[in-house]
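# Working through the structure, step by step
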Amino acid sequence: MDKIIISGLQVESLIGVYEWEREAPTSLLLDVEISTDLQRAADSDNVADTIDYAAVAELLMVTAKQASFELLEALVSKLIDTLFSHFPVQQISMTVIKPGILPTARQVAVMLTRSR
């Protein structure tokens, strides 16, 4: 299966279990792998025949900004569901990275993979 990959997309979201985490949006990083058939786009060289990754990125940024969850798992699930509702893709793997949340780790991440 062909893939479109977006790495290190910075989004802002209100996320966290603790009160101090919910005072202001947090910067998160997203890595997204979208599995879909890209043969038509490869043959035509026309953006209309592919998944517009700029549109994907914009939708992820807007959705994350409007979201308010306690858990990264819930946010990632919402983001994946949103992509499925807007684009004709077969599978999405998404990792959300929350830098600096643990004093003993550089970052914490959650990865979910969902298929239609």
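Below is a short write-up of the structure.

## Comments concerning the nonpolar core
Of all hydrophobic cores here, the largest spans 31 residues; its most connected members are Leu30, Leu60, Leu83 and Met94. Sorting the residues of this core by element identifies strand S1 (2–15), strand S2 (26–36), helix H2 (53–66), helix H3 (72–86), strand S4 (91–99) and strand S5 (107–115) as the ones contributing at least two each. Looking at this core element by element, the count peaks at seven residues for H3. The residues contacting leucine 60, other than those within four sequence positions of it, are Leu9, Val11, Leu30, Val32, Leu79, Leu83 and Met94.

## Let's talk about H3
Helix length check: H3 (15 residues) gives 21 Å between terminal C-alpha atoms against 21 Å at 1.5 Å per residue, within 8%. Those residues of H3 that sit buried are Leu72, Leu75, Val76, Leu79, Ile80, Thr82, Leu83 and Phe84. Structurally, H3 contributes buried residues whose contacts are with S1, S2, H2, strand S3 (68–69), S4 and S5.

Rules used in this analysis
- Residues numbered from 1 in each chain as written.
- Predicted model: local features only at pLDDT ≥ 70, side-chain atom pairs only at ≥ 80, totals over all residues.
- Heavy atoms only, no water.
- Core = buried A, V, L, I, M, F, W, Y, C linked by side-chain atoms within 4.5 Å.
- Buried < 20%, exposed > 50% of the residue type's maximum accessible area, 1.4 Å probe, protein only.
- Helix = DSSP H or I, 4+ residues; strand = E, 2+ residues; numbered from the N terminus.
- Contact = heavy atoms within 4.5 Å.
- Expected span 1.5 Å × (residues − 1).

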